[in-house]
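Notes for the structure review
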Amino acid sequence: MENLIQLVNKLQRACTALGDHGEESALPTLWDSLPSIAVVGGQSSGKSSVLESIVGKDFLPRGAGIVTRRPLVLQLHRIDEGKEYAEFMHLPRKKFTDFAAVRQEISDETDRETGRTKQISSVPIHLSIYSPNVVNLTLVDLPGLTKVAVEGQHESIVQDIENMVRAYIEKPNCIILAISPANQDLATSDAIKISREVDPKGERTFGVLTKIDLMDKGTNAVDILEGKSYKLQFPWIGVVNRSQADINKSVDMIAARRREREYFQNSPEYSHLASRMGSEHLGKMLSKHLETVIKSRIPGLQSLISKTIIDLETELSRLGKPIAADAGGKLYTVMEICRAFDQNFKEHLDGIRPGGDKIYGVFDNQLPAALKRLQFDKHLSMDNVRKLITEADGYQPHLIAPEQGYRRLIESCLVSIKGPAEAAVDAVHSILKDLVHKAMGETTELKQYPTLRVEVGNAAIQSLERLKDESKKATLQLVDMECGYLTVEFFRKLPQDIEKGGNPTHSIFDRYNDSYLRRVGSTVLSYVNMTCASLRHSIPKSVVYCQVREAKRSLLDFFFTELGKKESRQLSKLLDEDPAVMQRRTNLAKRLELYRSAQEEIDAVSWSK
């Protein structure tokens, strides 16, 4: 069972080392979940004397006013033999065998945190004492409750101390050791008053009555010690501390304990209670109770720690990795983030993520519909056919077939396909831009660094703009190629039409009659439709090759080239993370370290049992 108290001791030290003092914070706190015993009492209630009696050493600062200005986590370790010594957590390699030096170090460490202004701090001091004369026990000595601020302290000090004490003892895992002097009315006890506020049923409060030997003659504390005046779930314990004269004479603590035992055994009022009176009994009873409470809390503690570790890991993952200090590390970080973004973008195009299917929609719906809307019949109206053929003939009318007229009619129709072709390029460009924005939003790491996000976004869009221009140029070249070189095989069929009813002996001017022009228009329309069908398939191929394929292959190539030229200072500007986020990541990492350490410690104790 003793290793249970040692377990909590380790966890409390780890909490303090990693900044978990149980105070209100945006971070989960392990300190509040650990069972502890808080020592509460008013000034001059004998609180320090009780602690020194339990330890068997004179080691606490004394003086007028508020002496304890920081919580003191006092961890007692029983050793079988050897010389007594003390260790502070803030001085891990130094052993104190002179307890007067321990007292001085407590004062000095208090001043290091609070200055010499007599103010208070919630950051605890950790003191471990190793002795054959103690029981395994951990106590938290809190500043004494007071009613008046002394010179050099703010008026708020009274309320500040009360708030600090209440913050400790209101937690359900805190066992309250309420110290009250017997020579004062219990109704005015600061410790009982504040304990009753947070623990009205007295389920986790131990009452300790000091200065019993200093009560007025003819009075005693039997009713209190028997639980008749103020009932708690646990029996009251009376103690007799050293007098101020004993303290001044440095009376030995072991001798003081013996005199305390003799006082209760020989006193007619208290002899029937002697077996459960005294600081020695108090220490043993608190140790046993603390072990019982810790044992009952371990399953819940394990569950809480496991859940909190998952929560902390999730948030750390969301915040992303910390920034490297060196230029190489920064460059690597930027490259990794860019690769993550690039991969997300490719997954949209490959169908792993949604959105890439819209490009096929352009080819399968938008482009065919746009081509279908082209009004070639207007280009091939009777008047336009006559006009273009006549103009093409010039001063020399055509002999057999109006070849130049055909060419002009075909070109005038095919040129109109450039509009749908450019629209297809623009539509795909718009979709690619949307996918870039989606991929940026899905790349968690980019949310960390606003400047890098902007730079990557601009680089990707600029790259898409270049690809759009190249794609538009290539696609329009497809149309120009159709205009520049007509398919000969199609027109070689035309002379055969003469044998099927044409009469070359007719006057040349008869070739401009309506029937002839309609045949020309029909022939041109057939050729244009054939070419249009061909372009319907070749335009998507060009667009995919020039835009989609290149975007997948080299979206950030230019950005990477420029990135390699940047110095460390310029890379730092790209990784301009919000300082609040950086601080939170650091805090979360420390808190995660604490919880993992706690998990290992608890698991070790569980296995050993």
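As shown above, the structure is provided for reference.
The following refers to the structure shown. (Residues numbered from 1 in each chain as written. Predicted model: local features only at pLDDT ≥ 70, side-chain atom pairs only at ≥ 80, totals over all residues. Heavy atoms only, no water.)

Under the 1.5 Å per step criterion, the end-to-end length of helix H8 (residues 253-266) is 20 Å for 14 residues, consistent within 8% with the ideal 20 Å. Looking only at H8, the buried set comprises Met253, Ala255, Ala256, Arg257, Glu260 and Phe264. Contacts from the buried residues of H8 go to helix H2 (47-55), strand S9 (237-238) and helix H9 (279-319). (Helix = DSSP H or I, 4+ residues; strand = E, 2+ residues; numbered from the N terminus. Expected span 1.5 Å × (residues − 1). Buried < 20%, exposed > 50% of the residue type's maximum accessible area, 1.4 Å probe, protein only. Contact = heavy atoms within 4.5 Å.)

To continue, consider the pairing of strand S5 (residues 125-131). Along S5, seven of the seven residues are buried, which leaves the element largely enclosed by surrounding structure. On S5, burial covers both faces: Ile125, Leu127, Ile129 and Ser131 on one face and His126, Ser128 and Tyr130 on the other are all buried. Pairing of strand S2 (residues 72-78) with S5, which is carried by seven bridges, proceeds in the parallel orientation. Bridge pairing in S5 places Leu76 opposite Ile129. Here strand S3 (residues 85-88) runs beside S5; their pairing, made up of four bridges, is antiparallel. The residue of S5 that forms the bridge with Ala86 is Ile129. (Pairing = 2+ DSSP bridges.)

Moving on, we come to the packing of helix H10 (residues 327-349) against helix H17 (residues 450-484). Their axes nearest at 12 Å, the elements H10 and H17 cross at an angle of 50°. For the element pair H10 / H17, the angle class is oblique. Relative to H17, H10 is oriented so that their crossing is right-handed. Facing H10, whose interface residues are Val334, Ile337, Cys338 and Phe341, H17 presents Leu452, Val456 and Ala460. Residue composition of the contact of H10 with H17, grouped by class: seven nonpolar, no polar and no charged. (Axes fitted to C-alpha atoms, helices over the stretch in contact; angles between N-to-C directions. Parallel < 35°, antiparallel > 145°, perpendicular 65-115°, else oblique. Left-handed = near helix turned anticlockwise from the far one by under 90°. Nonpolar A, V, L, I, M, F, W, Y, C, P; charged D, E, K, R; others polar.)

Positive phi outside glycine occurs at Lys211, with the angle close to 60°. Take Lys211: it is sitting in the loop between strand S8 (205-210) and helix H6 (222-225).

Before going further, it helps to examine the sheet that holds S5. The mixed open sheet is built from nine strands, whose spatial order is S4-S3-S5-S2-S6-S1-S7-S8-S9. Every other strand in the sheet has two partners, leaving strand S4 (91-96) and S9 as the edge strands with one partner each. Bridge count for S8 against S9 is two bridges, and the pairing is parallel. Along S9, the bridge assignment pairs Val208 with Ile237.

Let us now look at the environment of Tyr485. The residue Tyr485 is located in the loop between H17 and helix H18 (488-491) in this model. Since its relative accessible area comes to 62%, Tyr485 is described here as exposed.

Counting buried positions over the eight residues of strand S7 (residues 174-181) gives eight, a clear majority of the element. Here S7 shows two buried faces, one formed by Cys174, Ile176, Ala178 and Ser180 and the other by Ile175, Leu177, Ile179 and Pro181. In this sheet, S7 lies alongside strand S1 (residues 36-41) in parallel orientation, the contact comprising six bridges. Across the sheet, the residue bridging to Gly41 is Ile179, located in S7. Sheet topology places S7 next to S8; six bridges connect them, and they run parallel.

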